[in-house]
Amino acid sequence: MNLKLLGITCLVFGLTSCGKLFKKQEDKPALARVGDAYLYQEDIATLVTANMSKEDSAAFVSNYINTWASKQLLMNKSKINLPENKLAEFDRLVSDYKTDLYTRAYLEALVQKALDTTITEEQLSAFYQEQKENFKLNERVVQLRFVVLPPQFLNMEEVKTKLKSFKPEDKQFLDSIAVQFKKIHLNDSIWISTSRLTTEIPVLNTVRPDDYLKKSQFFELQDSLGVYLGKVNNVLKVNDIAPLPYVEPNIKQIILNRRRLELMRKLETELIDEAVKTKDFEIYAK
């Protein structure tokens, strides 16, 4: 905290001199004290950023000190007024939480370093085949290509023809004039959920999607924003088994999570075994 900010802080608290604000403990300048607890400059130094104005900095410091003081005072009152068994329970919970934070952070660091994140196509396929029944769709998914044209697009009939036949030269043509489209999606091997598709083609929300999203169907829809042309390749319905490419990201995450848990268990076991060998860990018989 710079000297200007400290001067402002003194004024905020109505102090006649900064000597009344600072206390010394272990040669560290303190901003406030409640009982035996001190709030030091270094505790809030990183919280006051350079882009704050003088007024904002002073207000922030003032609010922070008051909040800190309130918590300290409440803590002191709680230690006096809460039952001993409650205080003991809270102390145990705090100790457990601290232990969990340290151990989780350390284990995560070890796992991050040792975890094998490579997942082969064979592993993906094997997992998918074993767990197929767990990958049933909860909404319709489609494979399609579509374009969105401005309402007054001049070569609309040609675009329709190219989108329907979709030979290599047709795709090349559509790509070449893509800058004239409002949207274009020509990768019809990708499975897209209906909910995502309706965000890309919002006019589908105003009609019955079942009438337009059928296998091998070409559709043309229009609203005030544009003309939507699409050719559906394939459709899978609710409760059909999801195709592997559609659930591949989920499978990868499941495999990695399982590996992470297995590695954690392995590391914990090795840690205990090593401690037993070095006699850092002993269990005494009753």
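For the structure, check the block above.
From a predicted model like this one, the values you see are computed outputs, not experimental measurements.

1. Quick notes on helix α9 (residues 244-277)
With 34 residues, α9 should reach 50 Å at 1.5 Å per residue; the first-to-last C-alpha distance of 47 Å fits that figure. In α9, a bend of some 35° at N250 exceeds every other bend along the element. For α9, the full list of buried residues reads L244, V247, E248, I251, I255, L256, R259, L263, M264, L267 and A275. Looking at the buried positions of α9, the neighbouring elements they touch are α4 (84-114) and α5 (121-130). Looking one or two places after α9, you find K279, whose phi comes out positive at around 60°.

2. Focus: the pairing of strand β7 (residues 218-223)
Here β7 runs beside strand β8 (residues 226-236); their pairing, made up of 6 bridges, is antiparallel. Residue pairing for β8: F218 is matched across the bridge by K231.

3. Some remarks on unusual backbone geometry
A positive phi is found at F166, a non-glycine position, where the angle reads about 55°. The topology assignment puts F166 in the loop between α6 (156-165) and α7 (168-176). Backbone geometry at K279 places phi at a positive 60°, although glycine is not the residue there. The residue K279 is located in the segment after α9 in this model.

4. Some words on the pairing of strand β4 (residues 141-149)
Remember that side chains alternate between the two faces of the sheet whenever the strand is regular. For β4, the tally of buried residues reaches 9 of 9 residues, placing the bulk of the element in the interior. Side-chain alternation along β4 places V141, Q143, R145, V147 and L149 on one buried face and V142, L144, F146 and V148 on a second face that is also buried. Examined bridge by bridge, β4 and strand β6 (residues 192-193) share 2 bridges and lie antiparallel to one another. Its bridge partner lying in β6, V141 is registered against S193. In this structure, β4 lies alongside β8, joined through 9 bridges in antiparallel fashion. Counterpart to F146 in the pairing with β8 is G230. Sheet topology note: the β4/strand β5 (residues 183-185) ladder contains 3 bridges and is antiparallel. Looking across to β5, one finds that V147 is bridged to I184.

Calculation rules
- Residues numbered from 1 in each chain as written.
- Predicted model: local features only at pLDDT ≥ 70, side-chain atom pairs only at ≥ 80, totals over all residues.
- Heavy atoms only, no water.
- Helix = DSSP H or I, 4+ residues; strand = E, 2+ residues; numbered from the N terminus.
- Expected span 1.5 Å × (residues − 1).
- Bend = angle between axes of the 7 residues up to and from the residue.
- Buried < 20%, exposed > 50% of the residue type's maximum accessible area, 1.4 Å probe, protein only.
- Contact = heavy atoms within 4.5 Å.
- Pairing = 2+ DSSP bridges.

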